[in-house]
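A closer look at the structure
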Amino acid sequence: MQSIDHELKIEKVAEAPNGAMRLLLSDGSEWVIGVKSWNRLNLSLEKIIGVNVLRALEKESQYHQLRTKALELLGIREHSCQELKRKLIARFHNHEPEIERCLEELQSEDYLSDQRFTQLFIKSRLNNKRVGPFKIMADLQQRGIDRDTAHSIMDELADEEFWLSKIKDNLEELCKGNKKNNRQALGQKLFQRGFAYELINKYEIGWNYPPKQASTLARIIMDIIESPNNCLLYTSPSPRDS
């Protein structure tokens, strides 16, 4: 912080981008702060600036930079609270109290919403026929979304019938062109794409398949389900499987 060896006062106030205020002090220094900060510090034109006010002014100016970056990131796309916090910490070191304050303000103003982010994230993933519910849930948890919120919104947007149709699409892709599919490879692909064995078990494997192909697929899938060595826990796929 700059030192004060004489009284300073606010000589000029002008509008800055994004509704902020630009302050010109009597020593020639300029500070950009938000309107809320202006009101919080009870500032006014020609007000005398002491050491404590100058320190607060410097802090509010830094906060304005942080908030501007947060809004810039949110303008590109929706973020979860955890995603945005991680990015702000990477850019503004040793400013965690200000970052927490920023996140709280953005949430109260509805610029930042985990609920809205989760809805948009799930909708975008539902358009990808390869991705099953376990994979979507894992991706959301990595972004700081709790399981209850993710489950609730997932249930609103996709029912069991939807996921069964997804399994059908995946099986059609995996068996396209008379590909040779051993049961281990097919099972691994389905689980890595995020489909639970319960859903595979419920899928009517003969639906819309020629009898010979349906019989082959049914045998493969049922072998996977009934295998004593079958892993029922979802694990993230390796990059080459994505």
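For the structure itself, consult the block above.
Values in this document were obtained by computation on a predicted structure and should not be read as measured data. (Residues numbered from 1 in each chain as written. Predicted model: local features only at pLDDT ≥ 70, side-chain atom pairs only at ≥ 80, totals over all residues. Heavy atoms only, no water.)

1. Remarks on the side chain of Glu 83
Positionally, Glu 83 belongs in helix α3 (residues 81-91). Looking at Glu 83, its side chain comes within polar contact range of the side chain of Arg 77, at 3.2 Å. A distance of 3.1 Å separates the side chain of Glu 83 from the backbone nitrogen of Ser 80, its partner in a polar contact. Leaving out residues up to four positions away in the same chain, Glu 83 has contacts with Arg 77, Glu 78, Phe 117 and Arg 143. (Helix = DSSP H or I, 4+ residues; strand = E, 2+ residues; numbered from the N terminus. Polar contact = N/O pair within 3.5 Å; in protein donor to acceptor, adjacent residues only side chain to side chain. Contact = heavy atoms within 4.5 Å.)

2. Side note on the environment of Leu 112
You can see Leu 112 is positioned in the loop between α4 (96-108) and α5 (114-126). For Leu 112, a relative accessible area of 3% translates into the label buried. Leu 112 sits 32 residues away from Ser 80 along the chain, and the two C-alpha atoms are 7.3 Å apart. (Buried < 20%, exposed > 50% of the residue type's maximum accessible area, 1.4 Å probe, protein only.)

3. A short note on α4
The terminal C-alpha atoms of α4 lie 18 Å apart, and with 13 residues this matches the ideal 18 Å at 1.5 Å per residue to within 8%. Every buried residue belonging to α4 is among Glu 98, Ile 99, Cys 102, Leu 103, Glu 105 and Leu 106, and all of these are buried. Down the axis, α4 shows its buried residues gathered within 165° of arc, on one side only. The outward face of α4, more than 90 degrees from its buried face, is lined by the exposed residues Pro 97, Glu 104 and Ser 108. (Expected span 1.5 Å × (residues − 1). Arc of directions from axis to C-beta.)

4. Re the sheet that holds strand β2 (residues 20-25)
Spatial ordering of the open sheet is given by β3-β2-β1-β4, a layout of four strands whose pairing is antiparallel. Here the strands that pair on one side only, and so sit at the sheet edges, are β3 (30-33) and β4 (48-49). Here β2 pairs with β3 via four bridges, running antiparallel. Across the sheet, residue Leu 24 finds its bridge partner in β3, namely Glu 30. Lying over the sheet, helix α2 (residues 51-76) contacts β1 (8-16), β2, β3 and β4, oriented at roughly 60° with respect to β3. (Pairing = 2+ DSSP bridges. Axes fitted to C-alpha atoms, helices over the stretch in contact; angles between N-to-C directions.)

5. Quick notes on the packing of aromatic side chains
Think of a pair of aromatic rings as described by two things: how far the centres are apart, and how the planes are tilted against each other in angle. Scanning the entire structure with this criterion turns up two aromatic pairs. Geometrically, the ring pair formed by Phe 117 and Phe 121 is tilted, given 5.7 Å between the ring centres and 35° between the ring planes. Of the two residues, Phe 117 and Phe 121 both sit in helix α5, four residues apart, roughly one turn of that helix. The exposure class assigned to Phe 117 is buried, which follows from its relative accessible area of 4%. Here the basic side chain of Arg 101 rests over the ring of Tyr 63, its NZ or CZ set 3.7 Å away from the ring centre. (Phe/Tyr/Trp six-rings, centres within 6.5 Å; stacked < 30°, edge-to-face > 60°. Lys NZ or Arg CZ within 6 Å of the ring centre and 35° of its normal.)

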